[in-house]
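Listed here are the chains, written in short residue letters.
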Amino acid sequence: AVIVAHPDDEAIGAGILLAEIPDAVVVHVTDGAPRSSATVRRRGFKTRDAYAEARRAEVVNALRLVGIPEERIRCLGFVDGEATLRLVELCHDVIDLILEREPEVVLTHPYEGGHTDHDATAFAVHLACGILRREGVASPIILELTSYHQRNGKRVRSTFLPHKGVPERSLALDPDAQLLKARMFEAFVSQRDCLRDFPLVAERFRVAPRYDFTQPPHDGMLDYERFCATICGEEWRARASRALDLLRARGRVTAPAM
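Conventions we followed
- Residues numbered from 1 in each chain as written.
- Predicted model: local features only at pLDDT ≥ 70, side-chain atom pairs only at ≥ 80, totals over all residues.
- Heavy atoms only, no water.
- Helix = DSSP H or I, 4+ residues; strand = E, 2+ residues; numbered from the N terminus.
- Rg over C-alpha atoms; globule rule 2.2 N^0.38 Å.
- Contact = heavy atoms within 4.5 Å.
- Pairing = 2+ DSSP bridges.
- Core = buried A, V, L, I, M, F, W, Y, C linked by side-chain atoms within 4.5 Å.
- Buried < 20%, exposed > 50% of the residue type's maximum accessible area, 1.4 Å probe, protein only.
- Expected span 1.5 Å × (residues − 1).
- Polar contact = N/O pair within 3.5 Å; in protein donor to acceptor, adjacent residues only side chain to side chain.
- Phe/Tyr/Trp six-rings, centres within 6.5 Å; stacked < 30°, edge-to-face > 60°.
- Lys NZ or Arg CZ within 6 Å of the ring centre and 35° of its normal.
- Axes fitted to C-alpha atoms, helices over the stretch in contact; angles between N-to-C directions.
- Parallel < 35°, antiparallel > 145°, perpendicular 65-115°, else oblique.
- Left-handed = near helix turned anticlockwise from the far one by under 90°.
- Nonpolar A, V, L, I, M, F, W, Y, C, P; charged D, E, K, R; others polar.
- pLDDT = per-residue confidence, 0-100.

A. Here's a closer look at the overall build of the protein chain. If you tally the helices and strands in the protein chain, you get eight helices and nine strands. Computed over C-alpha atoms, the radius of gyration of the protein chain comes to 17 Å, within 12% of the 18 Å expected from 2.2 N^0.38 for 258 residues, which places it in the range of a compact globule. Expressed along its principal axes, the backbone C-alpha trace of the protein chain runs to roughly 50 × 40 × 40 Å. Taking as baseline every contact in the protein chain between residues at least 6 positions apart, the subset at least 24 positions apart corresponds to 76%.

Shown next, in the form of structure tokens:
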């Protein structure tokens, strides 16, 4: 299972890898459309629903290129940018997904402060697997794909934030694979300005390290703090801490949304 925050995150981090595992299920936490009407209009759409529908069509077209049919592409339906507001509910949704699909491996985001939804997705996957282990249920191995983060005042793409003692594996892309990945990127018409700066030469993966989601992923400003006016790193970590307390105390018992 590939569990990522937005339609296009899977293409960025693992588009060519997915060509080798066509039986994978790709799960998007959000529908890719924010609540902000100004952002929706800036992307050329009149309504949030229209933008979400377009993003769904784009990812279906992109993943068709690597053999992933539409029925293997699922969406949990959270609003883009708001996954952090519903961490407990998101964790329960991931638990249900893992119990349904029984994947041996889940490929997801690292905790890097790149986007609040990326970090929320990482949180939910790690906590879901931890809760299942606590309840005596086999849980999948968590692997990570790259996205982006902030380093020395600049956005770094398609490279992991270093984590001591955690080795990485690279999948070098030959010219044909690079062309295929470029075609996938072209399918995301509404996101072309976002995708043009991501390199096409390799995809990188690693076994997920253990994270302390109550601490910043790195020193200095997080990437989303440069643009997000609603959630800063301190607020994200406070919500994660409250969600941790609820999940540790109640497990899968229904809890109020965070």
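B. View of the pairing of strand S7 (residues 154-157). Relative to S7, strand S6 (residues 148-151) runs antiparallel, the two being bridged by four bridges. In the strand pairing of S7, arginine 151 is matched with lysine 154. Counted along the chain from S6 to the antiparallel partner S7, the turn is two residues long, and its residue asparagine 152 has a positive phi close to 55°.

C. Geometry of the nonpolar core. Counting 40 residues, the largest nonpolar core has Ile3, Leu90, Val94, Phe123, Phe213 and Trp236 as its most contacted members. Residue assignment for this core shows that the elements contributing at least two residues are strand S2 (26-34), helix H4 (87-101), helix H5 (116-134) and helix H8 (233-250). Isoleucine 3 has contacts with Val27, Val29, Val94, Leu97, Val106, Leu107, Thr108, His109, Thr121 and Val125, leaving out every residue within four places of it along the chain. One finds Val2, Ala14, Ala24 and Tyr148 within the second-largest nonpolar core, a separate group that totals 25 residues.

D. Looking closely at the environment of valine 105. Considering the arrangement of structural elements, one finds valine 105 in strand S4 (residues 105-108). Each C-alpha atom, one on valine 105 and one on isoleucine 142, is 6.0 Å from the other, the two residues being 37 residues apart in sequence. For valine 105, the residues in contact, after removing those within four places along its chain, are Ala1, Pro140, Ile141 and Leu143.

E. Representation of helix H6 (residues 175-187) within the structure. For H6, built from 13 residues, the straight-helix expectation of 18 Å at 1.5 Å per residue is met to within 8% by its first-to-last C-alpha distance of 19 Å. Turning to H6, its buried residues are Ala177, Lys181, Ala182, Met184, Phe185 and Ala187. If you follow the buried residues of H6, they end up packed against helix H1 (9-19), helix H3 (48-64), helix H7 (192-195) and strand S9 (202-207). A distance of 3.1 Å separates the backbone nitrogen of aspartate 176 from a side-chain oxygen at the start of H6, and that oxygen is part of aspartate 174.

F. Region of the structure containing the side chain of aspartate 119. Mapped onto the elements, aspartate 119 comes out in helix H5. A distance of 3.2 Å separates a polar atom in the side chain of aspartate 119 from the backbone nitrogen of glutamate 112. Non-local contacts of aspartate 119, meaning those with residues more than four positions away in its chain, are made with Pro110, Tyr111, Glu112, Gly113, Gly114, Phe213, Tyr224 and Trp236.

G. Representation of the packing of aromatic side chains within the structure. Following the criterion strictly, the structure yields nine aromatic pairs and no others. Aromatic side chains phenylalanine 45 and tyrosine 51 sit 5.0 Å apart centroid to centroid with 20° between the ring planes, which places their arrangement in the stacked category. Of the aromatic side chains, those joined through ring pairs into one cluster are Tyr111, Phe123, Tyr211, Phe213 and Trp236. In this structure, arginine 155 packs its charged tip against the face of tyrosine 148, placed 4.2 Å from the ring centre.

H. Summary view of unusual backbone geometry. Backbone geometry at aspartate 8 places phi at a positive 120°, although glycine is not the residue there. By secondary structure assignment, the location of aspartate 8 is in the loop between strand S1 (2-4) and H1. Judged by relative accessible area, aspartate 8 falls into the buried class, the value being 7%.

I. Broad picture of the packing of H1 against H6. Here H1 crosses H6 at 140°, and the two axes come no closer than 10 Å. Relative to H6, H1 is oriented oblique. The two elements H1 and H6 cross, and the hand of that crossing is right-handed. In this structure, H1 contributes Ala11, Ile12, Gly13, Ala14, Gly15 and Ile16 to the contact, and H6 contributes Ala177, Leu180, Lys181, Met184 and Phe185. Among the residues making up the contact of H1 with H6, the classes are represented as eight nonpolar, two polar and one charged.

J. Summary view of the confidence of the model for the protein chain. In the predicted model, the protein chain carries a mean pLDDT of 94, and 96% of its residues have values of at least 70. Here residues 253-258 is modelled with pLDDT under 50, and outside its nearest four sequence neighbours on either side it reaches 20 contacts, counting other chains as well.

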